[in-house]
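Coordinate analysis (summary)
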Amino acid sequence: MSSTRINRCATSRISQKPPNSKQAAMTSQSQGIHQLLQAEKRAKDKLEEAKKRKEKRLKQAKEEAMAEINQYRMQRDKEFRLKQSKVMGSQSNLSEEVDERTLGKIKELNGSYNKYIEVVLKQLLNMVCDVKPGIHVNYRATH
């Protein structure tokens, strides 16, 4: 057993060689690669952060635009309703005026009818009942 122990110690001493320039270059390369990977990760994180900020700004701008559009829409709707009420109000006044004129005309016609119905009926009956026999002017006697 002791010979196996010695062999192991000898093997471990052989594997622990003093660092040479090739090993130092590989170590510095791995450190350089590690630094590049870290820098790449930081850049990626910054890009993601910038994208998030941009999305947030776009969302905020969209919300502000929608609020502005809604405000403008409400203002125009209010103006429209005001104009509509003026026009419809004047139209309703016109229709009321026309209705009043129509009712006045109907009353006038009814009054005129009631006033002259007796006279007109008497004239009509006199013409129908008062027959004057005679030959019509256009009649030509044919013998």
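Residues numbered from 1 in each chain as written. Predicted model: local features only at pLDDT ≥ 70, side-chain atom pairs only at ≥ 80, totals over all residues. Heavy atoms only, no water.

1. Observations regarding the overall build of the chain
Short version of the rule: Under the scheme used here, helices are H or I runs from DSSP no shorter than 4 residues and strands are E runs no shorter than 2 residues, and both carry numbers assigned from the N terminus. Exposure is judged per residue with a 1.4 Å probe applied to protein chains only, and the accessible area is read against the type maximum: over 50% gives exposed, under 20% gives buried, and values in between give partly exposed. Accessibility throughout is a Shrake-Rupley quantity obtained with a 1.4 Å probe, and a residue counts as covered only by protein chains that appear here.
A tally of helices and strands in the chain yields 2 helices and 0 strands. For the chain, the residues scored as buried account for 0% of the 143 residues in total. Working note: accessible area of the chain is about 14,900 Å², and carbon and sulfur atoms make up 58% of it.

2. Quick word on the confidence of the model for the chain
Under the convention used in this document: Scored between 0 and 100, pLDDT is the confidence that the predictor attaches to each residue. Any two residues having at least one pair of non-hydrogen atoms within 4.5 Å are treated as being in contact.
Mean pLDDT over the chain: 84, with 83% of residues reaching 70 or higher. Per-residue pLDDT stays below 50 along residues 9-15; that stretch engages in 0 contacts with residues further than four places along the chain or on separate chains.

3. What to know about a nonpolar patch on the surface
Heads up, the rule is: Think of a patch as exposed residues, more than 30% relative accessible area, with no salt bridge, where like charges cluster within 9 Å and nonpolar side chains (Val, Leu, Ile, Met, Phe, Trp, Tyr) cluster within 5 Å. When a carboxyl oxygen of Asp or Glu lies within 4 Å of a side-chain nitrogen of Lys or Arg, that pair is called a salt bridge.
A grouping of Leu 121, Leu 124, Met 127 and Val 128 is seen on the molecular surface, where their side chains present a nonpolar patch of about 440 Å² in accessible area. Position of Met 127 among the secondary structure elements: in helix H2 (residues 21-129).

4. Points about the pattern of salt bridges
One pass over the structure, following the stated rule, counts 4 salt bridges. The partner of Glu 49 in a salt bridge is Arg 53, and the shortest N-O contact between them spans 3.4 Å. Here Glu 49 and its partner Arg 53 are both found in helix H2, 4 residues apart, which amounts to about one turn of the helix. Classification of Glu 49 by relative accessible area gives partly exposed; the value is 49%. Between Arg 76 and Glu 79 there is a salt bridge; the shortest N-O distance is 3.2 Å. Taken together, the residues span about one helical turn, with Arg 76 and Glu 79 both in helix H2 at a distance of 3 residues.

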